[in-house]
Amino acid sequence: MNINKDAERIIVEVVQRLMDRWATTPEAVEEAIFDVIYQERRRLETDPMGTTEQANFYDMIQTQALHASPQQQRELLRLIIERFAREIQGHFNPVVYKVATSLVPTGLNAMLNTLSPIRLVQGMLGDAESLANQARLRGETTLLQKLAKMGTIVLVPTHSSNLDSVLVGFSLYKLGLPPFSYGAGLNLFANKLFGFFMHNLGAYKVDRRKKAELYKDALKTYAGVTMELGYHNLFFPGGTRSRSGAVERKLKKGLLGAAMDAYIHNLTAGKKNPDIFVVPCTINYQLVLEAATLIDDYLKAEGKSRYIIEDDEFSRPKLVLDFVRKLFRLQSKVDIVFGRPMDLFGNPVDESGQSLDRYGRPIDRTRYVLINGRPGFDLQRDREYTNELAEAVVRQYMENTVIKPVNLVSHVVMQRLRRANPQMGLYRLLRTGGRQESFSLKEVYQELQSVMEALMEEASQGKVVLDEAIRGMDPVMVMGEALAHMEVFHTRPALMRRGDRLFHHDRNLLLYYGNRLGMHSIMDGQGNV
Amino acid sequence: MSDRRFDVVVVGAGAFGTTLATILTQAGRRVLLNTRRQEQADEINHKHTNERYSPGFKLPKKLVADTDLHGAIKQTDLVLMVVPSKYFRPVARAVGEVIQGDQVLLHATKGIQIEPFKLMSDILHEETVALKIGVLSGPNLSREIMAGKPAGAVIASRFDEVIKRSQALFEGSLLRTYEARDVIGVEVGGSFKNIIALAAGAADGMELGDNLKSLLLTRGLTEMMRFGTALGAKPLTFMGLAGIGDLMATCASRLSRNNQVGYRMARGESLEEIQASTNHVAEGVTTVKAVLNRSLELGLDLHVVKGVYKGLYEGYTAREAMQWMMSGKPGKEIDIDVRGCL
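Since the structure is predicted, the reported quantities are computational estimates derived from the model, not experimental observations.

Turning next to the overall build of chain A. The secondary structure content of chain A amounts to 23 helices and 16 strands. Burial status across chain A gives 57% buried among its 529 residues. Carbon together with sulfur atoms contributes 51% to the accessible area of chain A, which is approximately 22700 Å² in total.

Rendered as structure tokens:
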């Protein structure tokens, strides 16, 4: 792949496809232009990242569009689209990309030292590396490595923290894989360390403040075109960090749909390596840096929660460092579980790139997209395929979720709280803590024991993964580990032990961490085991 | 790429499979009827009859029957499975050995797998790689259609293509087909009504009159809706052909197998005696188990379902079962959340 050439080719392709879709009639062109002007001006009124240059650009477009012929309006639309495409692409640096892809992963520092801008943030380096070393890679890593050579990988992880993309980035690097193209929010680029990696290691820019449909389509198209050109892609199909702490069950399907389009494009173009493989991935922390902000946001009345949060823990570098160091001191591992790679129809794929049915019989996946014997697009059909794929991704999320002591203990204490206060609404319970400020540790141990047994049963059926500490089946150990974590980071420990009693201080956090179990069947019915 | 010699392969040469194959052949489609038994295939090919399942009817000469399932599926774009629920999974598995992603897989089976609870479309998902799956259901008494009388059915699928291709298949046939998206609703409707038909047949057998029968049907319908919506169906689906439409035909007609079973039980025959005397499968007899188990898991109290279950499996006579159904405190008449269904 020639990256330099591709960067320009991506722009050309994106512009052409958007023009094909949006400039169908003179009326459509005009509507698209004025919608963008309206949406962008609204954004510029409040956006701190907005510039006069941007405002001038839209003033210019408006002045010209009002008097333009249909042909001239088409050109103005093309100008807007190209601007969007270039904004999304950012300053792609092929040199860095090449260095990163060609290096044998001997150590992070080896790579980083070859990159001069990193010296700017050298102070943070050790911590970044220690965070990376905390990551424990599990699951189908070998299969992923093999398939990455045969087709385009679309990696779709669960999302709980802004640290996710960094961890996944390092993990891919450890696996000897090239950087993945990844759409990162503009706020992440603002952070020096992360911004540096994102910029140069395949990230493109997503400006969530831009609301124009055309812009959203440009993002999707950009991702699709990179997939077609064989760049592995990474995106979080949950769309945003999980607010409740639960693993995502509803996915945004736009980018998964872009993968389907890319695949069909590849087939119709008769490409040699047309295949796109989807790899679900779960990222499992004991503690989540932004937990307090996220659950707080979740608990705000529905509809009022914020899609973009920019003033959270992540925006305070000192806090991030503190967090990473504490995790390191606790030897707290972050489990990154790579799921079974699938084709775009939800079928598993083996190491030769062959799709299989549930009995291991080979399938000709190209036949799903045939129309009268030739590969072709069918909007409605492809949307349904994408729905099926999303369901398959969610199933793997559930199966590959690693339950950790903090999750388990939080769940058990929340359940006790609810049972002890049957008449109390959730919000009041969270605020007041109900009638008992503490529970007998012995009783909590007993309950932990029975929940662990139920979880062991689920784990033996492959429905969930349990952390080592839980597999030991010793409630005292599990509690010890959970408390050790909760006591170190969050300003107010969610739980504390005093003598033979367990005190709950921050129910919001208990709810957040406990929700990670919420999707498993032990919670069905009354929420009891 | 396979050679597509047939417009449709109908899998299962029971009464309804034979009926569908017949009307499609009459409408000019190239139909291959797949059956397990060679002598049945020979009878259809040479004598143009299927005496065991469609006694007294002549089948079209152009209708071809065969026992080679794999060979058959390779020769079509559309497979239509009409197999009793009891054999549905093994047959689906066999279909799954050859069917590919471009082919449409439609079924017309009105039943549910008991343990674990599975709708037929779930089984097709599990046993095959086909995604373009759909269901055909409605008031379709085989003998009436075989006698040349027109009828209507609904075809439900998440895929436009499945609906379009299936509708094109039935165009010009005795079956008018309507389109729907709610696969779960259509499958639940077609299966659940067999339970109600058992109760309605029993009421007839005891000569309890039309008022009571109407009561059973109506209460049964609300139970069908409560059950279906709990599984994710849309309530309005049950107002359609697969719900009330099928219910009316099945419960009114002595041609319905389930209605017959209820009727004969009320007249003093045992379930075993009835089953031993017929080639046909009364799906309601097993569906009631599946529905009862699942309704308990869902926390639903389905009175008609429980009454039928008692009559079939708990040693209640038909009269005792009916008395049980009439006992207990009546609740709200309509107890379904219809928000979002309009």
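Moving on from the coordinates now.
Before going further, it helps to examine the overall build of chain B. Along chain B, the regular secondary structure elements total 15 helices and ten strands. Looking at the 342 residues of chain B, the share that counts as buried comes to 59%. Long-range contacts, defined here as pairs at least 24 residues apart, represent 71% of the contacts in chain B between residues at least 6 apart. For chain B, the accessible area works out to roughly 14200 Å², and carbon and sulfur atoms hold 51% of it.

Here the focus is the interface of chain A and chain B. Across the contact, 19 residues belong to chain A and 22 residues belong to chain B. Where chain A abuts chain B, roughly 1800 Å² becomes buried across the two surfaces, and 49% of that area is made up of carbon and sulfur atoms. When the buried surface of chain A facing chain B is broken down by residue, Arg361, Arg367 and Glu388 of chain A rank first, second and third, together holding 33% of it. If you look at where chain A meets chain B, you find six salt bridges. In this structure, Arg358 of chain A engages Glu127 of chain B in a salt bridge whose closest nitrogen and oxygen atoms are separated by 3.5 Å. Applying the counting rule to chain A against chain B returns ten residue pairs in polar contact (both at pLDDT 80 or more). Looking at which element gives the most residues to the side of chain A that touches chain B, the answer is helix H16 (residues 379–399) of chain A, with seven residues. When grouped by side-chain class, the residues that make up the side of chain A that touches chain B number six nonpolar, three polar and ten charged.

Here we take up unusual backbone geometry. Across the junction of Glu115 of chain B and Pro116 of chain B, the peptide omega takes the value -10°, indicating a cis bond. Within the secondary structure layout, Pro116 of chain B lies in the loop between strand E6 (112–113) and strand E7 (118–119). Positive phi values are uncommon outside glycine, yet Met473 of chain A reaches one of about 60°. Positive phi is not limited to glycine here, since Glu207 of chain B has a value of about 50°. Its location among the elements puts Glu207 of chain B in the loop between helix H8 (183–205) and helix H9 (209–230). A residue is classified by how much of its surface remains accessible, and Glu207 of chain B, at 61% relative accessible area, is exposed.

Now for the packing of aromatic side chains. On inspection of all chains with the given rule, the structure shows 13 aromatic pairs over all chains. With 5.7 Å between their ring centres and 80° between their planes, Tyr368 of chain A and Tyr385 of chain A make a pair best called edge-to-face. Remark: Tyr385 of chain A occurs in helix H16 and Tyr368 of chain A occurs in the loop between strand E9 (362–363) and strand E10 (370–371); sequence separation between them is 17 residues. What makes Tyr368 of chain A buried here is its relative accessible area of 0%. Assessed through its relative accessible area of 0%, Tyr385 of chain A is described here as buried. Centroid distance Tyr385 of chain A to Phe159 of chain B: 5.5 Å. Interplanar angle 55°. Geometry classified as tilted. Of the two residues, Tyr385 of chain A is situated in helix H16 and Phe159 of chain B in the loop between strand E9 (151–157) and helix H7 (160–170); the pairing between them involves two chains. Here Tyr385 of chain A matches Phe159 of chain B in class, with each residue buried. Among the aromatic residues, ring-to-ring pairing joins Tyr263, Phe345, Tyr368 and Tyr385 of chain A together with Phe159 of chain B into one connected group. Cation over ring: Arg83 of chain A sits above Phe57 of chain A, and NZ or CZ is 4.1 Å from the ring centre.

All names here are of chain A. Overall, mixed pairing links the seven strands, which are arranged E1-E7-E6-E2-E5-E3-E4 in an open sheet. At either margin of the open sheet sits one strand with a lone partner, and together these are strand E1 (135–139) and strand E4 (203–206). As defined by bridge partners, E1 adjoins strand E7 (residues 334–338) across five bridges and the pair is classed as parallel. What sits directly across from Arg138, in E7, is Val337. In the packing of H16 onto the sheet, the strands contacted are strand E2 (152–157) and strand E6 (276–284), and the crossing angle to E6 comes to about 35°.

Residues and elements named next belong to chain A. One can find Gly462 in the loop between helix H19 (441–460) and strand E14 (465–466). Residue Gly462 is classed as partly exposed on the basis of its relative accessible area of 36%. When the C-alpha positions of Gly462 and Met398 are compared, they lie 9.6 Å apart, and in sequence the two are 64 residues distant.

An α-helical segment advances 3.6 residues per turn. Residues three or four places apart therefore align on the same side. Residue and element names in this part refer to chain A. With seven of its eight residues buried, helix H22 (residues 507–514) lies for the most part within the structure. Residues of H22 that are buried: Arg507, Leu509, Leu510, Leu511, Tyr512, Tyr513 and Gly514. Residue Asp506 occupies the N-cap position of H22, its side-chain oxygen lying 3.1 Å from the main-chain nitrogen of Asn508.

Looking now at the sheet that holds strand E5 (residues 104–107) of chain B. Residue and element names in this part refer to chain B. Judged by pairing direction, the sheet is mixed, and its eight strands sit side by side in the order E3-E2-E1-E4-E5-E8-E9-E10 without closing on themselves. The sheet is open, and its two edges are formed by strand E3 (64–66) and strand E10 (175–180), each paired on a single side. Strand-to-strand twist in this sheet, taken as the mean axis angle between neighbours without regard to direction, amounts to 25°. Where strand E2 (residues 31–34) and E3 come together, three bridges link them in parallel fashion. If you follow Asn34 over to E3, its bridge partner there is Asp66. Docked against the sheet, helix H2 (residues 38–47) engages E2 and E3, running at close to 165° with respect to E3. Relative to strand E4 (residues 78–81), helix H4 (residues 85–96) is tilted by about 165°, and along the sheet it contacts strand E1 (8–11), E4 and E5.

All names here are of chain A. Within the secondary structure, Glu30 is located in helix H2 (residues 26–46). By relative accessible area, which is 39% here, Glu30 ends up partly exposed. Taking the C-alpha atoms as reference points, Glu30 and Pro70, separated by 40 residues in sequence, lie 8.2 Å from one another. Within the structure, Glu30 has its side chain in polar contact with the side chain of Gln73 (distance 3.1 Å).

Take the confidence of the model for chain A next. Averaged over every residue, the pLDDT of chain A is 85; the share at 70 or more is 84%. The model gives residues 98–124 of chain A a pLDDT under 50, and that stretch makes 37 contacts with residues more than four places away or in other chains.

This paragraph deals with the side chain of Ser157 of chain B. Residue and element names in this part refer to chain B. By the element assignment, Ser157 lies in strand E9. Judged by its relative accessible area of 0%, Ser157 falls in the buried class. Only 2.8 Å separates the side chain of Ser157 from the backbone oxygen of Ile133, close enough to count as a polar contact. Beyond its immediate sequence surroundings of up to four residues, Ser157 is in contact with Ile133, Gly134, Val162, Ile163, Ala180, Arg181 and Val183.

Residue and element names in this part refer to chain A. Among the nine residues that make up E6, nine are buried, leaving the element largely enclosed by the rest of the structure. Direction of pairing for E2 relative to E6: parallel, over a ladder of six bridges. Bridging across to E6, Ile153 finds its partner in Phe277.

A few words on the pattern of salt bridges. Residue and element names in this part refer to chain A. One pass over the structure, following the stated rule, counts 55 salt bridges over all chains. Arg365 is the salt-bridge partner of Asp275, the closest N and O atoms lying 2.9 Å from each other. One end of the pair, Asp275, is in the loop between helix H13 (254–268) and E6; the other, Arg365, is in the loop between E9 and E10, and 90 residues separate them in sequence. Taken as a pair, Asp275 and Arg365 share a single burial class, namely buried.

Before going further, it helps to examine the packing of helix H14 (residues 291–299) of chain A against H22 of chain A. Residues and elements named next belong to chain A. At a minimum axis distance of 9 Å, the contact between H14 and H22 shows a crossing angle of 90°. It follows that H14 is roughly perpendicular to H22 by the angle criterion. Residues Ala291, Ala292, Leu294, Ile295, Asp296 and Leu299 of H14 form the contact with H22, whose participating residues are Asn508, Leu509, Leu511, Tyr512 and Tyr513. Here the contact of H14 with H22 is composed, by residue class, of nine nonpolar, one polar and one charged.

So, how was this worked out
- Residues numbered from 1 in each chain as written.
- Chains lettered and ligands numbered in written order.
- Predicted model: local features only at pLDDT ≥ 70, side-chain atom pairs only at ≥ 80, totals over all residues.
- Heavy atoms only, no water.
- Helix = DSSP H or I, 4+ residues; strand = E, 2+ residues; numbered from the N terminus.
- Buried < 20%, exposed > 50% of the residue type's maximum accessible area, 1.4 Å probe, protein only.
- Areas by Shrake-Rupley, 256 points an atom, 1.4 Å probe, with all protein chains shown as cover.
- Contact = heavy atoms within 4.5 Å.
- Buried area = accessible area lost by both parts, 1.4 Å probe.
- Salt bridge = Lys/Arg side-chain N within 4 Å of Asp/Glu carboxyl O.
- Polar contact = N/O pair within 3.5 Å; in protein donor to acceptor, adjacent residues only side chain to side chain.
- Nonpolar A, V, L, I, M, F, W, Y, C, P; charged D, E, K, R; others polar.
- Phe/Tyr/Trp six-rings, centres within 6.5 Å; stacked < 30°, edge-to-face > 60°.
- Lys NZ or Arg CZ within 6 Å of the ring centre and 35° of its normal.
- Pairing = 2+ DSSP bridges.
- Axes fitted to C-alpha atoms, helices over the stretch in contact; angles between N-to-C directions.
- pLDDT = per-residue confidence, 0-100.
- Parallel < 35°, antiparallel > 145°, perpendicular 65-115°, else oblique.

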